[in-house]
Amino acid sequence: MTRIGFIGLGVMGGPMAGHLLKAGHDVTVWARTPAKAKPLADQGAAIAESLEELAKACDIVILCVTKSEDVHDICSKLAHNMRPDSIIVDHSTISPKAAKDVHDELEKHSIGFIDAPITGGSMGAQKGTLTIFMGGNPTHIHHVLPYVQAYAKRAERVGDSGAGQMMKMVNQIAVGGALIALCEALSFAQKAGLNLEQAREMVGSGAAGSWAFENYGPKILNRDWSPGFSILNQTKDFGYCEEAAREIGAAVPGTELVNRLLQEMIAEGRGQETTCALFEKMLRMPASG
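Residues numbered from 1 in each chain as written. Predicted model: local features only at pLDDT ≥ 70, side-chain atom pairs only at ≥ 80, totals over all residues. Heavy atoms only, no water.

Peer 1: How should I be thinking about the overall build of the protein in this particular structure?
Peer 2: Counting its secondary structure elements, the protein contains 14 helices and nine strands. The globule rule puts the C-alpha radius of gyration for 289 residues at 19 Å, and the 20 Å found for the protein is close to it. Burial analysis of the protein (289 residues in total) assigns 49% to the buried set. Here the analysis covers contacts within the protein between residues at least 6 apart in sequence; of these, 67% occur between residues at least 24 apart. Counting 27 positive and 32 negative side-chain charges, the protein places the centres of these two groups 4 Å from one another. (Helix = DSSP H or I, 4+ residues; strand = E, 2+ residues; numbered from the N terminus. Rg over C-alpha atoms; globule rule 2.2 N^0.38 Å. Buried < 20%, exposed > 50% of the residue type's maximum accessible area, 1.4 Å probe, protein only. Contact = heavy atoms within 4.5 Å. Lys, Arg positive; Asp, Glu negative; His and termini not counted. Charge placed at Lys NZ, Arg CZ, Asp CG, Glu CD.)

In structure tokens form, the structure reads like this:
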């Protein structure tokens, strides 16, 4: 049986590792905070005491961590302990350049690397309905697909190393546009004296509907700013979007605007709130013109 390692047991990674266990796979986990590993141990996962122990025990290692620096650091430690022809699958959202750099470094050790960022939110992780953008060697991707499909509704190769992260940047650019559209529209509706719930339901069911209207709309109605996906994490991703856009000469003015507004919320001490808390900032902003 292929032995799978999983690193990063947060809001996304924990449920994803759980789906692997439910599918009957042999899973070993490691977490900086041991308490995060206990629910998975209760489901049958083995617990590694160190990254080195996990690397030596596993054929495929899956990451779901926060930023480029985390992936660099973890993969550097894994590289000296994994067997040649092992594969690392990275579900983190990092810069496309960082993904290529990690791929090239691991290739020197004959270890495969797939950049495979995910979208679908915490609910998608819990339900096993994530979409996965996969960049890397076609043979490596073909080998790992049966495992990642335990928590995905769609997982596809989108190109060579770095392409998975580039596709995630496309996703995040669209997410930013949908977020600001939702918050701007509903703040306008509230100031116009309209019934906010009715506005969300009627507009969201028409041409203006989106994932944001469906999933963030109820949070706005309830003034529920618990993440979800935090403002801090969203701005981290937007930074990668802007970096990649400069490299390829792409204009992303909408992304730059929503990133600036969210950065202002971080300065106000609201970085740990969900991104749709932007609605409240919109309510406080003066009319333009």
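Having seen it, we continue.
Peer 1: What is the right way to read the layout of surface pockets from this model?
Peer 2: Rolled over the atoms, a probe sized like a water molecule indicates the empty space that remains. One number sums up the size of the second largest pocket: a volume of about 390 Å³. Listed by contribution, the elements that provide at least two residues to the lining of the second largest pocket are α8 (163–191) and α13 (253–267). Ranked by the residues each element gives to the lining of the second largest pocket, the list is headed by α8, at five residues. (1 Å grid on protein atoms, 1.4 Å probe; cavity = no way out; pocket = protein on both sides within 12 Å on 5 of 7 lines; lining within 4 Å. Points joined across faces, edges and corners; volume = space filled by probe spheres on them.)

Peer 1: Explanation requested: the pairing of strand β6 (residues 112–115) in the structure shown.
Peer 2: Along a regular strand, successive side chains alternate from one face of the sheet to the other. The alternating pattern of β6 places Gly112 and Ile114 and Phe113 and Asp115 on opposite faces, both of which are buried. For strand β5 (residues 87–90) and β6, the ladder comprises four bridges, and the chain directions are parallel. Following the sheet pairing, Ile88 is matched in β6 by Phe113. Each parallel crossover has a hand, and for β5 linked through helix α5 (residues 96–107) to β6 it is right-handed. (Pairing = 2+ DSSP bridges. Right-handed = clockwise from strand over helix to strand, strands pointing away.)

Peer 1: How should the packing of aromatic side chains be read in this particular structure?
Peer 2: Where two aromatic rings form a pair, the distance of their centres and the angle of their planes describe that pair. Scanning the model with the defined rule gives one aromatic pair in all. Centroid distance Trp211 to Tyr216: 5.3 Å. Interplanar angle 85°. Geometry classified as edge-to-face. Judged by its relative accessible area of 10%, Tyr216 is buried. (Phe/Tyr/Trp six-rings, centres within 6.5 Å; stacked < 30°, edge-to-face > 60°.)

Peer 1: What exactly am I supposed to notice about the pattern of salt bridges here?
Peer 2: Counting across every chain of the model gives 17 salt bridges. With a shortest N-O distance of 3.4 Å, Lys77 and Asp73 are connected by a salt bridge. With Lys77 and Asp73 both in helix α4 (residues 68–79) and four residues apart, this pair spans about one turn of that helix. Here Lys77 falls in the partly exposed class, since its relative accessible area comes to 36%. Accessibility expressed as a relative area gives 33% for Asp73, which makes it partly exposed. (Salt bridge = Lys/Arg side-chain N within 4 Å of Asp/Glu carboxyl O.)

Peer 1: Teacher, can you tell me more about unusual backbone geometry here?
Peer 2: Working note: non-glycine residues mostly have negative phi, and peptide bonds are mostly trans. In the segment running from Pro227 into Gly228, the intervening peptide bond is cis, with an omega of 10°. Within the secondary structure layout, Gly228 lies in the loop between α11 (217–221) and α12 (231–248). The backbone of Ser110 shows a phi angle near 60°, a positive value even though the residue is not glycine. One can find Ser110 in the loop between α5 and β6. The class for Ser110 is partly exposed, based on a relative accessible area of 41%. Positive phi, normally seen in glycine, also occurs at Arg223, with a value near 50°.

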